[in-house]
Amino acid sequence: MSDPHCTSVQELSAHLDGELSVSARVALEAHLAGCPACRARLAELRAVGVALRRRFETQAEARDFSGFAASVLARLQPYRPPLAERLSVAWEEWKTHRPGTVLGGLGLIAAAVVAVLLLPQPPRPGAVADTGRQGPSLEAVSTDEQSHIAPVVLKTEGGDAIIWLVDHPDRPSLSLGTDASVPEVTPPAAVRPKGGQL
Amino acid sequence: MPTDDLTLVRRARSGDQRAFGLLVERYQKKVYAVALGMVKDPEEALDVSQEAFVKVYRYLDRFKGDSSFYTWLYRITTNTCIDVLRRRGVNSSDSVEYDDTVQMDLSEASLGLLSSQVDTSPARSALRRELGEKLEEALAELPEKHRAILLLREMEGMSYEDLARTLEIPKGTVMSRLFHARAKVQRLLARYLNDEPAKAKTPLKKGGQGSE
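Computed from a prediction, not measured in an experiment: that's the story for all the values here. Sequence order as written defines residue numbering, which begins from 1 separately in each chain. Chains carry letters from A onward and ligands carry numbers from 1 onward, assigned in written order. Per-residue local features of the predicted model are confined to residues with pLDDT of at least 70, and side-chain atom pairs are confined, for both listing and counting, to 80 or more; whole-chain, interface and lining totals are unaffected and use all residues.

(A) Quick peek at the overall build of chain A. When helices and strands are counted, chain A shows seven helices and three strands. By definition, any uninterrupted DSSP run of H or I lasting at least four residues is a helix, any uninterrupted run of E lasting at least two residues is a strand, and each is numbered from the N terminus. Reading the helices (α) and strands (β) of chain A from amino to carboxyl end gives α-α-α-α-α-α-β-α-β-β. Exposure classes come from backbone-placed C-beta atoms, where a residue is buried if 20 or more other C-beta atoms lie within 10 Å of its own, exposed if 12 or fewer do, and partly exposed in between. Put simply, chain A has 198 residues, and 19% of those count as buried. Taking the intrachain contacts of chain A between residues at least 6 apart in sequence as the baseline, contacts between residues at least 24 apart amount to 60%. By the convention adopted here, residues are in contact when the distance between their C-beta atoms, placed from the backbone, does not exceed 7 Å.

Spelled out as structure tokens, the structure:
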């Protein structure tokens with residue numbers, strides 16, 4: 001049974017949230033002081049809220065979020081692996097295939113590509129395994145965000161540097177208008193990697 | 001001193017994905033907790049949470065910065081959850097009453113959670129133990145909008161003003177909607193308490209205080 005003089009439930013709800021006007025709050029608190037039933041109702045509203053919060057917060061705390069942000073970022077660009085990964089893949093290709101495939105894999109445009117390859121000794125078939133040399137590996141990749149043609153520097157363990165000048169992937173090409181995903185691309189004849197066969 | 005939201009948003013807008021990642025990390029658990037309350041299934045909640053952040057990133061340009069980032073984030077989160085729920089089509093808000101005129105008598109729905117020590121009835125003890133579980137069930141029976149407002153208020157302690165901004169409703173509606181949400185939860189819990197599991201699953205009938 002409810003006393004007609006008791007506060008409305010809606011008021012209790014607003015009071016719980018601290019959203020009553022000053023005068024309404026004062027009046028309600030005066031009533032609560034003398035009404036155990038309303039005090040109990042208010043306490044119950046509060047208890048349910050606390051239990052609800054605890055319920056979902058506990059589950060959230062128990063969950064492992066270590067990969068969450070990365071997954072979100074991965075969802076942002078579904079079709080384009082990051083530049084570093086593309087270069088790393090391209091480097092693997094370089095070791096075994098023609099440069100054409102390598103450059104194609106990067107989505108580069110022919111005239112904008114200059115490759116300078118410095119090696120301390122000419123690679124021979126099988127030499128990699130014999131000498132125990134792994135060959136240069138992708139150590140660091142950096143791009144100049146400002147430039148239209150971006151230099152990409154691959155540093156190797158041996159201190160060699162492989163410098164690519166690439167058309168910046170997110171900016172349109174200056175001159176050519178050819179499709180960036182051209183599969184077969186060869187470097188200009190004037191430029192040849194030094195130091196041995198490919 | 002952690003970087004404030006608006007600074008991170010500004011950086012993220014100019015392409016700084018690392019800044020965006022920091023924003024995600026700051027809010028991931030909170031967003032997940034709300035999503036969990038909304039869609040119930042943990043894996044779906046995780047997926048929805050990620051989707052919400054993806055939308056945040058894609059619509060960063062639309063965030064004007066005149067309101068707080070977190071109300072905007074929660075708006076996207078609850079809307080994404082509501083979309084998921086509607087696609088599911090299971091809990092249609094049309095089937096549950098939303099009766100403004102019924103004065104809810106809380107005493108009937110008194111749960112006795114905080115009753116005196118003499119009350120040792122098995123049903124009440126069981127309810128106290130299972131309260132969290134029953135709460136989830138009760139929440140799942142609420143219409144999405146009631147669920148959303150209750151979760152945001154209880155989980156985030158959002159003021160009525162922030163709730164109004166987040167849900168894009170007038171402040172007066174916030175007050176009445178919250179009240180109705182709480183009243184429904186109390187009634188549903190009272191049904192569980194009265195040890196009628198079958199009845200507890202049925203939606204509240206139109207025009208009544210519930211079929212007892």
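(B) Representation of the nonpolar core within the structure. Residues and elements named next belong to chain B. Counting 63 residues, the largest nonpolar core has Val24, Val34, Ala35, Met38, Ile149 and Leu152 as its most contacted members. The element best represented in this core is helix H2 (residues 17–39), accounting for twelve residues. Beyond its immediate sequence surroundings of up to four residues, Leu152 is in contact with Val34, Tyr74, Met158, Leu163 and Thr166. A set of buried Ala, Val, Leu, Ile, Met, Phe, Trp, Tyr and Cys residues, joined through C-beta atoms within 7 Å, is what we mean by a nonpolar core.

(C) Here's a closer look at the interface of chain B and chain A. The partner chain A presents 35 residues to the 38 residues of chain B that form the contact. Those elements that place two or more of their residues in the side of chain B that touches chain A are H2, helix H3 (42–58), helix H5 (122–140), helix H6 (144–156) and helix H8 (171–193) of chain B. At ten residues, H2 of chain B tops the list of elements feeding residues into the side of chain B that touches chain A. Classification convention: Asp, Glu, Lys, Arg as charged; Ala, Val, Leu, Ile, Met, Phe, Trp, Tyr, Cys, Pro as nonpolar; all other residues, Gly among them, as polar. Class assignment of the residues belonging to the side of chain B that touches chain A gives a composition of 21 nonpolar, ten polar and seven charged.

(D) Looking closely at the environment of Arg75 of chain B. Residues and elements named next belong to chain B. Of note, Arg75 is situated in helix H4 (residues 69–88). For Arg75, a count of 19 C-beta atoms within 10 Å puts it in the partly exposed group. C-alpha separation for the pair Arg75 and Ala148, spaced 73 residues apart in sequence, amounts to 9.8 Å.

(E) Just unusual backbone geometry, in detail. Residue and element names in this part refer to chain B. A positive phi angle, close to 75°, is found at Lys40, a residue other than glycine. Looking at the secondary structure, you find Lys40 in the loop between H2 and H3. Owing to 16 C-beta atoms within 10 Å, Lys40 belongs among the partly exposed residues under this scheme.

(F) View of the confidence of the model for chain A. Residues and elements named next belong to chain A. Across chain A, the average pLDDT comes to 67, with 43% of residues at 70 or higher. One confidence number per residue, pLDDT, is output by the predictor and ranges from 0 to 100. Counting contacts from residues 108–133, a segment whose pLDDT is below 50, to residues more than four positions away or on other chains yields 49 contacts. A low-confidence stretch, residues 171–193 stays under pLDDT 50, and its non-local contacts, those more than four residues away or across chains, total 30 contacts.

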